[in-house]
Amino acid sequence: MERQISVGEGLLAKPYQNYGTTSDCGDTASLPSMRNSSGSDATTAVVVFSTLVAVSGSFCYGIAVGYSSPAEAGIMEDLGLSIAAYSVFGSIMTIGGMLGAILSGKIADIFGRRNVMWLSELICTLGWLAIAFAKDALWLDSGRLLIGFGAGIISYVIPIYVAEISPKYFRGVFTAFHQLMNTFGCSLAYFFGNVITWRVLALIGVIPCVLQLIGLFFIPESPRWLVKIGKEKEFETTLQNLRGKGADISQEAAEIRDHIEISQKHSEARLLNLFQRRYANSLIIGVGLMLLQQFGGASAMAYYTISIFEKAGASGSIGSRGIAIIQIPAVITGVLLMDKAGRKPLLMISACGMAFGCFLIGLSFYLKEVKNMNDAAHILVLVGFMGCSAFNSIGLAGIPFVIMSEIFPINVKASAGSLVILICWSCSWIVTYTFNFMMQWSSAGTFFIFSGIGFLTVLFVAKIVPETKGRTLEEIQDSIITSFAGLR
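Cut-off values and rules
- Residues numbered from 1 in each chain as written.
- Predicted model: local features only at pLDDT ≥ 70, side-chain atom pairs only at ≥ 80, totals over all residues.
- Heavy atoms only, no water.
- Helix = DSSP H or I, 4+ residues; strand = E, 2+ residues; numbered from the N terminus.
- Buried < 20%, exposed > 50% of the residue type's maximum accessible area, 1.4 Å probe, protein only.
- Contact = heavy atoms within 4.5 Å.
- Areas by Shrake-Rupley, 256 points an atom, 1.4 Å probe, with all protein chains shown as cover.
- Axes fitted to C-alpha atoms, helices over the stretch in contact; angles between N-to-C directions.
- Parallel < 35°, antiparallel > 145°, perpendicular 65-115°, else oblique.
- Left-handed = near helix turned anticlockwise from the far one by under 90°.
- Nonpolar A, V, L, I, M, F, W, Y, C, P; charged D, E, K, R; others polar.
- 1 Å grid on protein atoms, 1.4 Å probe; cavity = no way out; pocket = protein on both sides within 12 Å on 5 of 7 lines; lining within 4 Å.
- Points joined across faces, edges and corners; volume = space filled by probe spheres on them.
- Phe/Tyr/Trp six-rings, centres within 6.5 Å; stacked < 30°, edge-to-face > 60°.
- Lys NZ or Arg CZ within 6 Å of the ring centre and 35° of its normal.
- Core = buried A, V, L, I, M, F, W, Y, C linked by side-chain atoms within 4.5 Å.
- Salt bridge = Lys/Arg side-chain N within 4 Å of Asp/Glu carboxyl O.
- pLDDT = per-residue confidence, 0-100.
- Disulfide = S-S within 2.5 Å.
- Patch = residues over 30% accessible without salt bridge, like charges linked within 9 Å, V, L, I, M, F, W, Y side chains within 5 Å.

(A) Structural context of the overall build of the chain. Looking only at helices and strands, the chain has 22 helices and 0 strands in total. Every one of the 488 residues in the chain was classed for burial, and the buried ones make up 59%. Counting contacts in the chain only where the partners sit at least 6 residues apart, residues at least 24 apart contribute 83% of the total. For the chain, the exposed area adds up to about 19100 Å²; of that, 67% sits on carbon and sulfur atoms.

(B) Structural detail: the packing of helix α16 (residues 316–337) against helix α18 (residues 374–396). Contact geometry of α16 with α18 gives a least axis separation of 7 Å together with a crossing angle of 30°. One way to sum up the angle between α16 and α18 is to call them roughly parallel. The way α16 lies across α18 gives a crossing that is right-handed. Residues Gly-319, Gly-322, Ile-323, Ile-326, Gln-327, Ala-330, Val-331 and Gly-334 of α16 form the contact with α18, whose participating residues are Phe-385, Met-386, Ser-389, Ala-390, Ser-393 and Ile-394. Grouping the constituent residues of the contact of α16 with α18 by class yields 8 nonpolar, 6 polar and no charged.

(C) View of empty space enclosed by the protein. Inspection of every chain in the model, using the stated rule, returns 4 cavities of 30 Å³ or more. Estimates place the volume of the largest cavity at around 540 Å³. Breaking the lining of the largest cavity down by element, the ones donating at least two residues are α4 (56–79), α8 (171–192), α13 (280–295), α14 (298–303), α16, α18 and α20 (410–441). Looking at which element gives the most residues to the lining of the largest cavity, the answer is α8, with 6 residues. Its residues placed into classes, the lining of the largest cavity shows 17 nonpolar, 13 polar and no charged.

(D) Spatial organisation of the layout of surface pockets. Volume-wise, the largest pocket comes out at about 690 Å³. Every residue lining the largest pocket is counted, 25 residues in all, and those nearest its centre are Glu-72, Tyr-86, Ser-87, Tyr-304 and Asn-436. Counting only elements with at least two residues in the lining of the largest pocket, the list comes to α4, α5 (83–111), α15 (305–311) and α20. Ranked by residues supplied to the lining of the largest pocket, first place goes to α5 with 7 residues. Each residue belonging to the lining of the largest pocket can be placed in one class, and the counts come to 12 nonpolar, 10 polar and 3 charged.

(E) Broad picture of the packing of aromatic side chains. In this structure the tally under the stated criterion is 14 aromatic pairs. A centroid spacing of 5.4 Å and a plane angle of 80° characterise the contact between Phe-191 and Phe-192, whose relative ring orientation is edge-to-face. Overall, Phe-191 belongs to the partly exposed group, its relative accessible area being 34%. Taken together, the ring pairs in this structure connect Tyr-67, Tyr-86, Phe-89 and Trp-128 into an aromatic cluster. The side chain of Arg-144 reaches across the aromatic face of Phe-89, ending 5.3 Å from its centre.

(F) Quick look at the nonpolar core. With 124 residues, the main nonpolar core has Tyr-67, Ile-75, Trp-128, Ile-131, Leu-140 and Phe-447 as its most contacted residues. The greatest single-element share of this core, amounting to 13 residues, is contributed by α20. Discounting chain neighbours no more than four positions away, the residues touching Trp-128 are Cys-60, Ile-63, Ala-64, Tyr-67, Ile-147, Ala-202, Gly-205, Val-206 and Cys-209.

(G) Representation of the environment of Ile-260 within the structure. Among the secondary structure elements, Ile-260 is positioned in helix α12 (residues 250–266). Judged by relative accessible area, which is 2%, Ile-260 ranks as buried. Once the C-alpha coordinates of Ile-260 and Lys-228 are considered, the two residues, 32 residues apart in sequence, prove to be 6.7 Å apart.

(H) Looking closely at the pattern of salt bridges. Scanning all chains against the criterion turns up 8 salt bridges. Salt-bridge contacts for Glu-236 lead to Arg-257; the nearest nitrogen and oxygen are separated by 2.5 Å. With Glu-236 in helix α11 (residues 232–243) and Arg-257 in helix α12, the pair connects residues that are 21 residues apart, well separated along the chain.

(I) Spotlight on the confidence of the model for the chain. Residues with a pLDDT of 70 or more make up 88% of the chain, whose mean pLDDT is 82. pLDDT under 50 marks residues 1–39. Its contacts with residues more than four places away, or in other chains, come to 79 contacts.

(J) The packing of α4 against helix α7 (residues 137–165), seen in detail. Interhelical geometry of α4 versus α7 gives an angle of 160° and a closest axis separation of 9 Å. One element, α4, and the other, α7, form an angle in the roughly antiparallel class. When you trace α4 past α7, the crossing you get is left-handed. Where α4 abuts α7, its residues Gly-57, Ser-58, Tyr-61, Ala-64, Tyr-67, Ser-68, Ile-75 and Leu-79 lie against Leu-140, Arg-144, Ile-147, Ala-151, Ile-154, Ser-155 and Ile-158.

(K) Representation of the state of the cysteines within the structure. Throughout the structure, instances matching the rule amount to 0 disulfides. Among the cysteines around Cys-124, which has no disulfide bond, Cys-60 carries the closest sulfur, lying 4.1 Å off. You can call Cys-124 buried: its relative accessible area is 1%. Take Cys-388: it sits in no disulfide, and the sulfur closest to it among the cysteines is that of Cys-358, at 3.7 Å.

(L) Spatial organisation of the environment of Ile-147. When you line up the elements, Ile-147 lands in helix α7. A relative accessible area of 1% means that Ile-147 is categorised as buried. Taking C-alpha positions, Ile-147 is 7.8 Å from Thr-125, a pair spaced 22 residues apart along the chain. For Ile-147, the residues in contact, after removing those within four places along its chain, are Ala-64, Cys-124, Gly-127, Trp-128 and Ile-131.

(M) Quick look at a nonpolar patch on the surface. Taken together, the side chains of Phe-356, Phe-359, Tyr-366, Val-370 and Phe-448 present a nonpolar region at the surface, about 480 Å² in accessible area. With 3 residues, the top contributor of residues to the nonpolar patch is helix α17 (residues 343–368). Among the secondary structure elements, Phe-356 is positioned in helix α17.

(N) Spotlight on helix α19 (residues 399–407). Within α19, 9 of the 9 residues are buried, which leaves the element mostly enclosed by the surrounding structure. Listed in full, the buried residues belonging to α19 are Ile-399, Pro-400, Phe-401, Val-402, Ile-403, Met-404, Ser-405, Glu-406 and Ile-407.

Right, dumping it as structure tokens:
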């Protein structure tokens, strides 16, 4: 493959060259792997450390998702914001997310995964500082927009990077760390947001950004991106460091090279190429999962947790703290089961649980209007919301991003990933913007609709979504293209 000149050799290329050749950091042959094998399916300390650095950005994203609910009262009181002005602040993050999503795939292909993570965290840091030291609504909205822009990039590049560096038998676990840290961040904002000021909470959001900015100097670039731009020597060195000094990487390296060479013969990475027949199945799976995830009500419930509890007559602070506590063991369970049970069963269980939980919440709003049923309504909204939170964390919150990172060939991954993440953020904006209007129309009806979409998700996953655990990215992508060809 000819060596191509890329501006993506940039910011972080030199620091890792040292890291890859030093014995104290790069030599992992003596470390125990997560799999009893000397082959390329072993997991090394380099993979673990690189994943932890990458998902620091997910932690920042999670704090941003959970920030607006506990900070609402303090910001409105200190800066004199109206409900309408605060609604703009809460929702403008999704606008930034859409803008970031549009650019995420293209710039990740040009500059590389590490450089783009560095850029996104720099943008998020500026956003958090703008909020922390804001004097008026303009600074607040500008900061929130910047965080949304960075989060839109994060939503794409972190799952892609982690999937591309991980061995196939543990790819699901490592990619699911994106959602794990997202949940940790959201839970932290829920739990501590009621006991510290909104400015301090914003400064806490800076911490994971700074940690990732530093850590990115000590992790490798994606080997698949390196071979895609023609950096053969760096590709082999990086892959060897990721798999361990004594690992045989010859077969994996050959598969990656062959698949990328074949993929690049089909088309250049343009948006219109996504709509070729060979990519139809992948597009249906990726877009379908994001549509159903968002229209199932997960974003609305995250953004309006306290107000939903209060409208049902329950305590908002108790409810939000309960959600913060239950999310963490639920998402850990999902991570541990990802490469054991598989993506598909977890998605179906998660969607079914979400559907049933939304049904209970809808029923609680219905019973609230019935005489002498208020106590039952309070219990149902608590049980239903806790159930939705737990089941969403197990699967639907994170697995669509895992699958997105696995199903698209590298020649269209940038365009496809950008499109899928754009749809995710766009649907999130639609749901969060219309949620209050839907609740005015019918609180019970709103959650019954979410419940119905949850059951549709179960059917979609059962019929359309493939199982991807224990397979290389190249095997997954080839099987999806082949399965579509067989239906023609």
